[in-house]
Amino acid sequence: MQEAKIKFDHVTKIFETRSQTITAVKDYSMEIQAGEFISILGPSGCGKSTLIRMLDGIIDTTEGDILIDGVKVNHKGKKMPSSVLRKLGFIFQQPNMLPWYTVRQNVALPLRVFGLKGPEWDNRVEELLEMVGLKEYADAHPNEISGGMLQRAGVIRAMVHDPEILLMDEPFGALDEMTREQMNMELLEIWEKTGKTIIFITHNIEEAVLLSSRVYVMGTNPGRLVETVTLDLPRPRKLSMITQKDFIEYRQLLESYIGEIDLSKIK
Amino acid sequence: MAQSTPVRRTPKKERDPKRIIAPLVVLAVLYIGLEIFLRVFNVAAYVMPTPTHIIQATISSFHIILPDFLFTLKIICVGFCIAIPAGILLAALFSQFDILVKAMQPVVIWLVITPMITLIPLMTLWLGTDPNLRVIIVIIQATPIICLNTLNGFTHVEREKLELARSVGASKLQTFVSIIFMNALPQVFTGIKLGCIFSTIGAVSADFVSRGQGLGDRIIKFTKYSNFEESYGCIILIALIGITLYTVVEMIEKRIVLWKK
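Residues numbered from 1 in each chain as written. Chains lettered and ligands numbered in written order. Predicted model: local features only at pLDDT ≥ 70, side-chain atom pairs only at ≥ 80, totals over all residues. Heavy atoms only, no water.

## What about the overall build of chain B?
On a plain count of helices and strands, chain B comes out with 11 helices and zero strands. Secondary structure elements in chain B, listed N-terminal to C-terminal, are α-α-α-α-α-α-α-α-α-α-α. With the C-alpha coordinates of chain B rotated into their principal frame, the extents come out at 70 × 55 × 30 Å. Put simply, chain B has 261 residues, and 42% of those count as buried. Put simply, 74% of the contacts in chain B that link residues at least 6 apart link residues at least 24 apart. For chain B, the exposed surface amounts to about 14,800 Å²; the carbon and sulfur share of it is 72%. Within chain B, one finds 24 positive and 15 negative side-chain charges whose respective centroids are separated by 6 Å. (Helix = DSSP H or I, 4+ residues; strand = E, 2+ residues; numbered from the N terminus. Buried < 20%, exposed > 50% of the residue type's maximum accessible area, 1.4 Å probe, protein only. Contact = heavy atoms within 4.5 Å. Areas by Shrake-Rupley, 256 points an atom, 1.4 Å probe, with all protein chains shown as cover. Lys, Arg positive; Asp, Glu negative; His and termini not counted. Charge placed at Lys NZ, Arg CZ, Asp CG, Glu CD.)

The following block contains the structure:
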């Protein structure tokens with residue numbers, strides 16, 4: 001069998017504050033193959049954001065291993081090496097632009113930190129700006145452009161160093177419904193063109209079914225994997241699919257899992 | 001890169017004539033109103049001389065005032081220029097260690113509140129009576145307020161911005177320069193502007209206590225010999241020093257902090 005691109009091997013994260021100990025993620029395991037688009041679905045507080053933050057070296061793991069291309073990447077108390085981080089692009093819930101830089105400088109930020117210089121990288125920045133229609137706003141500051149544009153800038157910033165894996169933390173959750181649908185479709189297009197591996201965090205069931213090939217459902221208290229659902233829906237996905245029978249069945253199935261989580265929380 | 005986009009460029013505000021004319025009108029109204037009021041009610045000069053008399057007397061005595069003006073200007077500028085980097089560097093140092101922030105913040109606040117003028121008699125004992133030492137008063141008066149504001153900026157950074165730095169593996173220095181410092185710049189400038197005010201207060205109060213030189217000393221002398229017009233003239237000159245410094249800082253801020261509205 002092909003070696004997994006990303007592997008979580010019994011990963012646990014415990015946050016300790018002065019007053020309490022919170023198990024954010026408990027004994028989580030999953031394997032993702034190269035080029036897959038998967039979603040992690042769950043209510044707020046289920047540790048889904050914590051999960052991809054551990055993968056991106058933003059926070060430490062407490063127990064367990066995370067492997068990328070078969071190599072263990074989490075080392076407690078140590079910064080993740082650049083060679084690993086270069087494989088990863090992180091897209092935040094908010095655009096998370098640095099207001100003191102122009103849009104172009106923001107997009108090119110990972111290149112600066114990774115020390116990637118030269119005309120080919122400069123061209124890449126311009127191409128990406130062009131791709132999402134930000135070319136003429138490249139010299140503007142973030143406070144001068146709209147939320148949808150900012151989030152596009154956030155997406156291409158995560159892609160600028162050509163990572164193999166994109167980690168998306170409810171990336172379009174802050175946008176209005178229409179802009180979000182549009183962004184989702186654009187994202188699918190990018191994925192189909194580039195073949196990147198994508199982990200997509202969301203609490204929106206419809207979004208998860210529409211985008212991904214597999215959905216990992218997480219529950220709260222402690223944050224844990226509840227169910228894995230493989231979606232056997234044709235590609236390319238289209239917005240019109242949401243009214244089709246099997247789409248609705250998958251949605252209802254996931255809804256029932258999420259419902260059970262909510263019930264168990266009340267108990 | 002020279003082509004500018006339609007969204008950028010909004011320096012119109014600065015050139016808006018209303019912003020310059022409006023304060024001038026207020027000043028003129030104040031001047032004329034005061035002049036009329038003081039003449040109609042025949043207010044004694046030792047209470048409040050008329051603006052015209054103040055200006056006349058100050059100009060005719062300017063050769064007496066000038067050396068003190070230059071002295072105070074020097075004390076304020078030198079002290080202020082040392083206090084800015086001192087305050088920022090101290091804040092940068094404290095911010096590197098959580099424990100130092102917690103330990104030093106109350107101390108800095110305590111220093112901000114203590115009027116440094118109270119130290120002057122003691123400092124004369126330690127350091128002698130050289131009037132140039134008044135620079136030290138300005139420095140210890142202005143540094144804490146600059147440090148406090150800067151520190152506040154350094155310690156309040158959105159978590160997501162720091163996560164961004166981590167997600168690309170930025171070094172401590174890169175994170176500090178590109179994120180923490182830039183993020184704090186508006187607050188750094190607030191600190192520096194307050195520093196202008198504190199520097200002026202420090203220098204004049206040092207004159208009051210140590211005497212012999214400076215605009216503060218000159219005010220006391222003029223008042224003692226009933227030259228009230230000149231006393232007011234000196235007060236206006238001190239205010240002018242403060243306002244000029246403040247305006248210069250504000251102009252620099254507008255050039256640098258482009259992302260605030």
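So much for the structure itself; the text now carries on.
## Let's talk about the environment of Phe37 of chain B
Inspection of the secondary structure puts Phe37 of chain B in helix α2 (residues 17–40). In this structure, the C-alpha to C-alpha distance between Phe37 of chain B and Thr50 of chain B, residues 13 residues apart in sequence, is 9.0 Å.

## So, the layout of surface pockets
Put simply, the second largest pocket is a space of about 980 Å³. Taken together, 34 residues line the second largest pocket, and the ones lying closest to its centre are Ile58 of chain A together with Arg159, Leu162, Glu163 and Arg166 of chain B. Within the residue set of the lining of the second largest pocket, elements represented by two or more residues are α1 (48–55) of chain A together with α5 (98–113), α7 (134–155), α8 (159–167) and α9 (172–210) of chain B. Here the lining of the second largest pocket takes five residues from α8 of chain B, the largest share from any one element. In the lining of the second largest pocket, the residues fall into 13 nonpolar, 12 polar and nine charged. (1 Å grid on protein atoms, 1.4 Å probe; cavity = no way out; pocket = protein on both sides within 12 Å on 5 of 7 lines; lining within 4 Å. Points joined across faces, edges and corners; volume = space filled by probe spheres on them. Nonpolar A, V, L, I, M, F, W, Y, C, P; charged D, E, K, R; others polar.)

## Focus: the sheet that holds strand β4 (residues 63–68) of chain A
Residues and elements named next belong to chain A. If you trace the four strands from one edge of the open sheet to the other, you get β2-β1-β4-β5, paired in antiparallel fashion. Strands with a single pairing partner mark the edges of an open sheet, and in this sheet they are β2 (21–32) and β5 (71–72). Strand direction decides the pairing type here: β4 and β5, joined by two bridges, are antiparallel. Of the residues in β5, the one forming a bridge with Ile68 is Val71. Running over the sheet, α1 touches β1 (6–16), β2 and β4 and is turned about 115° from β1. (Pairing = 2+ DSSP bridges. Axes fitted to C-alpha atoms, helices over the stretch in contact; angles between N-to-C directions.)

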